[in-house]
Amino acid sequence: MTTVIETCELGKNYGRVVALTGCTLSVPEGQLVALVGPNGAGKSTLLNLVVGLAAPTSGTVSVLDGVPAGSPAALDGIAFVAQDMPLYRQLSALDMIHLTRNLNQRFDDAFARRRLEDLAIPGRQKTGKLSGGQRAQLALTLALARRPRLLVLDEPTASLDPLARHDFMATVMTAMAEDGVSVLLSSHVLAELERVADHLILISHGRVHLNGAVEDLRERHRLVTGPRDQPGDPGWRTIQQSSAGVQSHLLVEVANPGPPPSGWEARPVSLEELTMAYLREDARTARTSTLEAIR
């Protein structure tokens, strides 16, 4: 299987601050990989390591089926769109195309200009005067015109309205379908990821807690409800548990995705429910560890 990202015990420290530790991943080609986690979890650190903007403190990271991250070959095959849409506000959209073309060995100028026309983005308009949606589409156009194998997106729709966000993601999905681009997308919009993600990486407190194909992860987890005083299946690993009256509600990882024990009901889990359960449990564990350390 061809991979676009491989990491082994990858770690990054900023002074005494551990931003990422023990990160071992294998990301397959041709998929949209959702990278999720709370603020400060280590998502941007991982993205910076993948695109070569930072060097690891420990471990290794390679891209595009074994190419060292940050090498000329890697840089030539990866396009990165950051959350702040790094565009020169005093330059026009056409100026940005001209500048990007001159800075890259491979750039499809005709594609970029055609996309501006299709999106009705005024080429002579300064980027600082464009709407948020137009700036996002311009940044994405510049990235796609480099004809990358891997497109890395760091919360690119965070500041966009719902329509602009939908249009942005539609462009990403078209690039995947027509050009075979692989996508690594960091986002907080779980409902959006539910529709588009093939693969999920969940990071919290600098560690990877989930990594795998979305369908496989959903198949391995269930939301179950049953009597509070009756044990469930011993093959379950409880991720999150709550009680209401005489009933218990659990999100569990199942060893065997068969029917639940008598008295229990089970249903499939959504991507948002799965993600939130792991994040809440990790937050609870962190609070418990902090309290124990204080004592």
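Just so it is clear, the model here is predicted, and its values are computed rather than measured.

A. Spotlight on the packing of helix α4 (residues 109-118) against helix α5 (residues 132-144). Following both chains from N to C, one finds α4 and α5 inclined at 155 degrees, their axes separated by 9 Å at the closest point. Taken together, α4 and α5 sit at an angle that is classed as roughly antiparallel. Note on packing geometry: the crossing formed by α4 with α5 is right-handed. Two secondary-structure elements touch here, α4 through Phe111, Ala112, Arg115 and Leu116 and α5 through Gln137, Leu138, Thr141 and Leu144. For the contact of α4 with α5, the per-class residue count stands at five nonpolar, two polar and one charged.

B. View of the sheet that holds strand β3 (residues 32-36). Strand order in the open sheet made by the six strands is β6-β7-β8-β3-β9-β10, with mixed pairing throughout. At either end of the open sheet lies a strand with only one pairing partner, and these are β6 (78-81) and β10 (207-213). Ignoring which end each strand starts from, the neighbouring axes of this sheet average 15 degrees apart. The pairing of strand β9 (residues 199-204) with β10 spans six bridges and is classified as antiparallel. Of the residues in β10, the one forming a bridge with His199 is Ala213.

C. Focus on the confidence of the model for the protein. Taken over all residues, the pLDDT of the protein has a mean of 90, while the share at 70 or more is 97%. The secondary structure element of the protein with the lowest average pLDDT is helix α9 (residues 271-294), at 79, and the one with the highest is strand β4 (residues 58-63), at 96.

D. Fine view of the sheet that holds strand β5 (residues 67-68). Spatially, β2-β1-β4-β5 is the arrangement adopted by the four strands of the open sheet, whose pairing is antiparallel. Across the chains shown, the open sheet's two edge strands, defined by having one partner strand only, are β2 (17-28) and β5. Note: strand β1 (residues 3-14) against β2, eight bridges, orientation antiparallel. Bridge pairing links Ile5 to Val27 in β2.

E. Structural context of the layout of surface pockets. If you add up the space inside the largest pocket, you get close to 680 Å³. In terms of lining residues, the largest pocket is bounded by 22 residues, among which Ala79, Phe80, Thr100, Asn104 and Arg146 are the most central. Put simply, the parts of the chain that give the lining of the largest pocket at least two residues each are α2 (72-77), β6, α3 (93-103) and α5. For the lining of the largest pocket, a count of residues per class yields 19 nonpolar, two polar and one charged.

F. Layout of helix α6 (residues 162-179). Helix length check: α6 (18 residues) gives 25 Å between terminal C-alpha atoms against 26 Å at 1.5 Å per residue, within 8%. Within α6 the residues assigned to the buried category are Ala164, Arg165, Phe168, Met169, Thr171, Val172, Ala175 and Met176. Within α6, the buried residues cover an arc of 145 degrees as seen down the axis, which keeps them to one side. Away from the buried face of α6 by more than 90 degrees, exposed residues Pro162, Leu163, Ala177 and Glu178 are located.

G. Here's a closer look at the nonpolar core. If you look at the biggest cluster of nonpolar residues, it comprises 54 residues, and the most contacted ones within it are Leu32, Leu151, Leu153 and Val183. With seven residues, α5 is the largest single contributor of residues to this core. Those residues in contact with Leu32 that lie beyond four places of it in its chain are Met169, Val172, Met173, Met176, Val183, Leu185, Val196, Ala197, Asp198 and His199. Ranked by size, the runner-up nonpolar core spans 26 residues in total, among them Val4, Ile5, Cys23 and Val50.

H. Fine view of the pattern of salt bridges. Across all of its chains, the model carries 12 salt bridges by this definition. A salt bridge links Glu192 to Arg165, with the shortest nitrogen-to-oxygen separation between them at 3.7 Å. One end of the pair, Glu192, is in helix α7 (residues 190-196); the other, Arg165, is in helix α6, with 27 residues separating them in the sequence. For the pair formed by Glu192 and Arg165, the shared burial category is buried. The partner of Arg267 in a salt bridge is Glu273, with the nearest N and O atoms 2.8 Å apart. Assessed through its relative accessible area of 42%, Arg267 is described here as partly exposed.

Reading the values: the criteria
Residues numbered from 1 in each chain as written. Predicted model: local features only at pLDDT ≥ 70, side-chain atom pairs only at ≥ 80, totals over all residues. Heavy atoms only, no water. Axes fitted to C-alpha atoms, helices over the stretch in contact; angles between N-to-C directions. Helix = DSSP H or I, 4+ residues; strand = E, 2+ residues; numbered from the N terminus. Parallel < 35°, antiparallel > 145°, perpendicular 65-115°, else oblique. Left-handed = near helix turned anticlockwise from the far one by under 90°. Contact = heavy atoms within 4.5 Å. Nonpolar A, V, L, I, M, F, W, Y, C, P; charged D, E, K, R; others polar. Pairing = 2+ DSSP bridges. pLDDT = per-residue confidence, 0-100. 1 Å grid on protein atoms, 1.4 Å probe; cavity = no way out; pocket = protein on both sides within 12 Å on 5 of 7 lines; lining within 4 Å. Points joined across faces, edges and corners; volume = space filled by probe spheres on them. Expected span 1.5 Å × (residues − 1). Buried < 20%, exposed > 50% of the residue type's maximum accessible area, 1.4 Å probe, protein only. Arc of directions from axis to C-beta. Core = buried A, V, L, I, M, F, W, Y, C linked by side-chain atoms within 4.5 Å. Salt bridge = Lys/Arg side-chain N within 4 Å of Asp/Glu carboxyl O.

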